[in-house]
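Here is what each chain is made of, one letter per residue.
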Amino acid sequence: MSALETLTALMRGEHPTSGLLHTCRLEGCGNESYGVEAIVENFRALSMGEGTDQIVFEDPAHIAVFAGEEALFADVMDGNIARLWRLGSDDFLTAERGISVSFDPDLAQERQSFFFDPEMHPALSSNAVDKLTRIGQDLARNDGAYRTRVYALRAFGTGDRGAALFAVYRLDGDDERTSGFTHAAAAWGASETHVVHDVAGQTALSVQPWTPHIPV
Amino acid sequence: MMRWNDLPEVRSPMGRTLDDLLSEGPRRQELPGYEPIYRDFVDYIIRCTHRIWEQKNVGLCRTHYAPDCAIHTLAGPVTGVEAVVQNTITTLAATPDRLLIGEDVIWSDDGADGLYSSHRIVSRSTHMGDEPLLGAATMVSNGVMTIADCLCRENRIVEEWLVRDNLRGVLQVGGDPWAIAKAQAMADQAGDPDRHNWRRAKIAETREQTDVSIDSDHPAAVPVAMLAAAFLDDLYGDAATHLSQAAEIRWPTNRHGYGRGFWIGCLTQIRGALHDVAWRAEHIAARPLPGGDIAVALRWSLTGVHRGNGLWGWSSGREILIMAVSHYRMRGGLIIEDLTVFDELAVIRQIAGGLGA
C-alpha cells in the first residue's frame, strides 16, 4: 500500500493491510496511541473526512492530507507511516494525566512568536522559508490567546506548494490560565493558505487540571 | 576501537518494518559467541526481546543473561538470571499481550568489556491481571517508555541498567502513586536496612562526579555539555542553545512539549526540588540514523537533597537519587529530540522514606 492508501484506509476506520509501522505513534483527539491496533481503534472510534475532497501533499519523507476541516500529517520512512498527527476533529478521547511543566517560552523580553530553524527542514526549499515564516507568525498573531507561540515541527515543499506541521503553545484564560501545546497543520499554494487546528487538543487542555506536581 | 559511525550496515530499527526486523539471514556483523540466528547486534537485542517477551520463551533468559547478571534499577538491584525469569513471568501474567515496541537501539563496541546497547521500547499492553505495581486488574490498555541499557558478551547480558516510566504507568491505570510509594517505603523500612546500601554507594559515586571519558568529536559531547551546564553550573539558558528552537521534549510522567523553554522547565522543576545537587555522565553511545540524523544515548545520574516544596510534595530533607537514560536525535549539530526516562515512582518512594532514604 502507498502511504496515501494507508491513510485513506485509516480515515475510513479500516485496518490497513500494510504501510503502518509497528512503531508508529498517533497524536490526535487529545491523546496518544502507540502501535497499529491502538491507532486503528482511534480511527474506528472517530472516523474522518468521509465524502470530503482531499488535497494531498507528499514527498519521500512526509505526507499531509487535508480533507475539509480535518487533516492528517505523517512522517514517512521507506513508504511506511512512521508517525502520525490527526487534526481538526472536535471529538476528543480521554486525555491522559501527567505532570504539568511550568516554563517560559521566550527566554527574553523581546518576544519571538515563531520558532523555526530552516536548516532543520531539509525538505523545505529556500524559496519557501519566508512564506513559512509568515504563516507561523500569522498563526501566533491571529490566535487570540493571551500568549501564543508557534513551533515549526515539520515542513516540506516549495514557495508555490507545500505543507507544514506546527506545535502551538498557548497561555490563555481569564480568571484562571490554561497552558499547553496543541498542533496545527498548514498547506499553501502560490497565493492561498489553508490551516487546520487541533480542536480536540484544545478542548482536552481546557478540561485538564493544571498539576505541576505528582497528580493525586 | 570501533568509531560510533562504523559498520553502517548494522542499521537502526527506526523506520524498518517488523518483517524486515525479524527476517532471518546471514550475519551482517562479527558476533563471536552469539547464536547463529542473530545477524548483528541490533538484531540480537530486537530479536531476543521478541523471543523472550512476545513468543513467551522466557526460559531463553537462561542463555541470554549471565547467571550472576546484575540489573540496576532505581527500585533496587536485581541479581541473577532466575530473578529475571521470575520477574518476566510475573509481568506477563498480568499483561500477557505485552508488545515491546522497539523504537531504537543505540549501541557501542566497548572493546573487551563487550557490546553495549541502549534499547528504547514502548511497552504496550492490557492490564488484565493483578500486578504488584499496578494493582488489581483494570483492563486498561496502556503504554510507557522503557530504556534498557545492556552490556553483552557472547550472547549474554552481563549487566543491565533499566529505567521505566513507572509513574506514568500507574496514572494510566488510575492508580494512586503516593499510596503505592508510601506502601513500598513502609516495606523498605522493615527488615535489613543494609539491603539498601547500594543506593548510598550509588549516591557517593554520583557525588564523585567522575564522568565517562568522551572524545570531543563524539556526538554525545553535545548533550553531556548541555546537561553539565544545566545541572552543574545552573546555566540553563546556555545549556538550551544545544537544542533546536522547536526541539521535541519528552520527559517522564507525560511531560511532553517543545522548545528550549519547555526543556528548561523540565529541568528546573526537578532542580527546584533538589538542593546541593551532583550530576554524572555514566555511559555514551551514538549511531547513525536514516536520513543523516544521529542517535545519541546518554546514561546519567543525579543526586540532591529534597528541600524544595512542590513537585514531589513537601520538603522531606532526604537525599534522593535519580538514575536516567536520555536518547537524543541530532541534526546539524543540534538536538531536535530529547527522550528522557527515569522511574519517578522510585523517586517519590525515596521521598516517602523508602530504599534507605
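Our structure's up above, just so we're on the same page.
Here the structure is a predicted model, which means the values were calculated and not measured.

Cut-off values and rules
- Residues numbered from 1 in each chain as written.
- Chains lettered and ligands numbered in written order.
- Predicted model: local features only at pLDDT ≥ 70, side-chain atom pairs only at ≥ 80, totals over all residues.
- Heavy atoms only, no water.
- 1 Å grid on protein atoms, 1.4 Å probe; cavity = no way out; pocket = protein on both sides within 12 Å on 5 of 7 lines; lining within 4 Å.
- Points joined across faces, edges and corners; volume = space filled by probe spheres on them.
- Helix = DSSP H or I, 4+ residues; strand = E, 2+ residues; numbered from the N terminus.
- Nonpolar A, V, L, I, M, F, W, Y, C, P; charged D, E, K, R; others polar.
- Disulfide = S-S within 2.5 Å.
- Salt bridge = Lys/Arg side-chain N within 4 Å of Asp/Glu carboxyl O.
- Buried < 20%, exposed > 50% of the residue type's maximum accessible area, 1.4 Å probe, protein only.
- Pairing = 2+ DSSP bridges.
- Phe/Tyr/Trp six-rings, centres within 6.5 Å; stacked < 30°, edge-to-face > 60°.
- Core = buried A, V, L, I, M, F, W, Y, C linked by side-chain atoms within 4.5 Å.
- Axes fitted to C-alpha atoms, helices over the stretch in contact; angles between N-to-C directions.
- Contact = heavy atoms within 4.5 Å.
- Buried area = accessible area lost by both parts, 1.4 Å probe.
- Polar contact = N/O pair within 3.5 Å; in protein donor to acceptor, adjacent residues only side chain to side chain.

## Some thoughts on empty space enclosed by the protein
Residues and elements named next belong to chain B. One pass over the full model with this rule turns up three cavities of 30 Å³ or more. Estimates place the volume of the largest cavity at around 100 Å³. Contributing to the lining of the largest cavity are 13 residues, with Met145, Asp165, Arg168, Arg250 and Trp251 lying nearest its centre. Listed by contribution, the elements that provide at least two residues to the lining of the largest cavity are strand 7 (243-251), strand 8 (255-258) and strand 12 (334-342). For the lining of the largest cavity, the element with the highest residue contribution is strand 12, accounting for three residues. Its residues assigned to classes, the lining of the largest cavity shows six nonpolar, three polar and four charged. Considering only enclosed or pocket space, the second largest cavity measures out at about 50 Å³ in volume. As for the second largest cavity, its lining consists of Trp161, Val163, Lys202, Glu282, Arg299, Trp300, Met323, Ala324 and Val325. Elements supplying a minimum of two residues to the lining of the second largest cavity: strand 6 (156-164), strand 10 (294-306) and strand 11 (319-331). It is strand 11 that provides the largest number of residues to the lining of the second largest cavity, a total of three residues.

## Remarks on the state of the cysteines
Within this structure, the stated rule accounts for zero disulfides over all chains. Looking at A:Cys29, it has no disulfide partner, and the nearest cysteine sulfur is the one in A:Cys24, 14 Å off.

## Examining the pattern of salt bridges
All names here are of chain B. As enumerated under the stated definition, the model contains 35 salt bridges over all chains in all. Here arginine 47 and aspartate 43 are joined by a salt bridge, their closest N and O atoms 3.0 Å apart. In this pair, arginine 47 and aspartate 43 are both assigned in helix 2 (residues 41-54), four residues apart and thus about one turn of the helix distant. Here the two residues arginine 47 and aspartate 43 agree in accessibility, since each one is buried. Put simply, glutamate 205 and lysine 202 hold a salt bridge, and the shortest N to O gap is 3.7 Å. Taken together, the residues glutamate 205 and lysine 202, both in helix 7 (residues 197-208) and three residues apart, mark about one turn of the helix.

## Regarding the pairing of strand 3 (residues 54-59) of chain A
Residue and element names in this part refer to chain A. Where strand 3 meets strand 4 (residues 62-67), six bridges bridge the pair, whose relative direction is antiparallel. Bridge assignment links phenylalanine 57 to a residue of strand 4, and that residue is alanine 64. Between strand 3 and strand 4, which pair antiparallel in sequence order, lie two residues.

## What to know about the packing of aromatic side chains
Both the distance between ring centres and the angle between the ring planes are used here to describe each pair of aromatic rings. Residue and element names in this part refer to chain A. By the definition in use, this model includes 20 aromatic pairs over all chains. Centre to centre, the rings of phenylalanine 57 and phenylalanine 66 are 5.8 Å apart; their planes meet at 80 degrees, and the pair counts as edge-to-face. With relative accessibility at 6%, the residue phenylalanine 57 sits in the buried group. Looking at phenylalanine 66, the relative accessible area reads 3%, which means it is buried.

## Observations concerning the nonpolar core
Membership of the largest hydrophobic core comes to 89 residues, with the highest contact counts inside it found for A:Tyr151, B:Trp263, B:Trp279 and B:Trp312. It is helix 8 (residues 221-232) of chain B that provides the largest number of residues to this core, a total of eight residues. Counting 38 residues, the second largest nonpolar core, distinct from the first, contains B:Leu21, B:Trp53, B:Cys69 and B:Leu151.

## Brief notes about the sheet that holds strand 10 of chain B
Backbone hydrogen bonds hold the strands of a sheet together, and the pairing may be parallel or antiparallel. All names here are of chain B. Read from one edge to the other, the open sheet built from six strands follows the order 8-7-12-11-10-9, with strand pairing classed as mixed. Pairing within the sheet leaves two strands with one partner each, and these edge strands are strand 8 and strand 9 (274-288). This sheet shows a mean twist of 20 degrees between the axes of neighbouring strands, independent of strand direction. Inspection of the sheet shows strand 11 paired to strand 12 by eight bridges, in the antiparallel sense. Bridge pairing in strand 12 places valine 325 opposite valine 341. Packing against the sheet, helix 10 (residues 259-271) makes contact with strand 7, strand 8, strand 9, strand 10, strand 11 and strand 12, and its axis sits at approximately 40 degrees to strand 7. The sheet contacts of helix 11 (residues 344-351) involve strand 8, strand 10, strand 11 and strand 12, and relative to strand 11 the element is tilted by about 160 degrees.

## Thoughts on the interface of chain B and chain A
With 50 residues of chain B in contact, the opposing surface of chain A contributes 39 residues. Taking both partners together, chain B and chain A bury about 3700 Å²; carbon and sulfur atoms supply 59% of that area. Inspection of the chain B/chain A interface yields seven salt bridges. The closest approach of N and O atoms between B:Arg250 and A:Glu27, which form a salt bridge, is 3.6 Å. Scanning the region where chain B abuts chain A turns up 13 residue pairs in polar contact (both at pLDDT 80 or more). In terms of residues, the side of chain B that touches chain A owes the most to one element, helix 10 of chain B, which gives eight residues. Looking at side-chain class alone, the side of chain B that touches chain A contains 21 nonpolar, 18 polar and 11 charged residues.

Taken by themselves, the reported measurements are silent on function.
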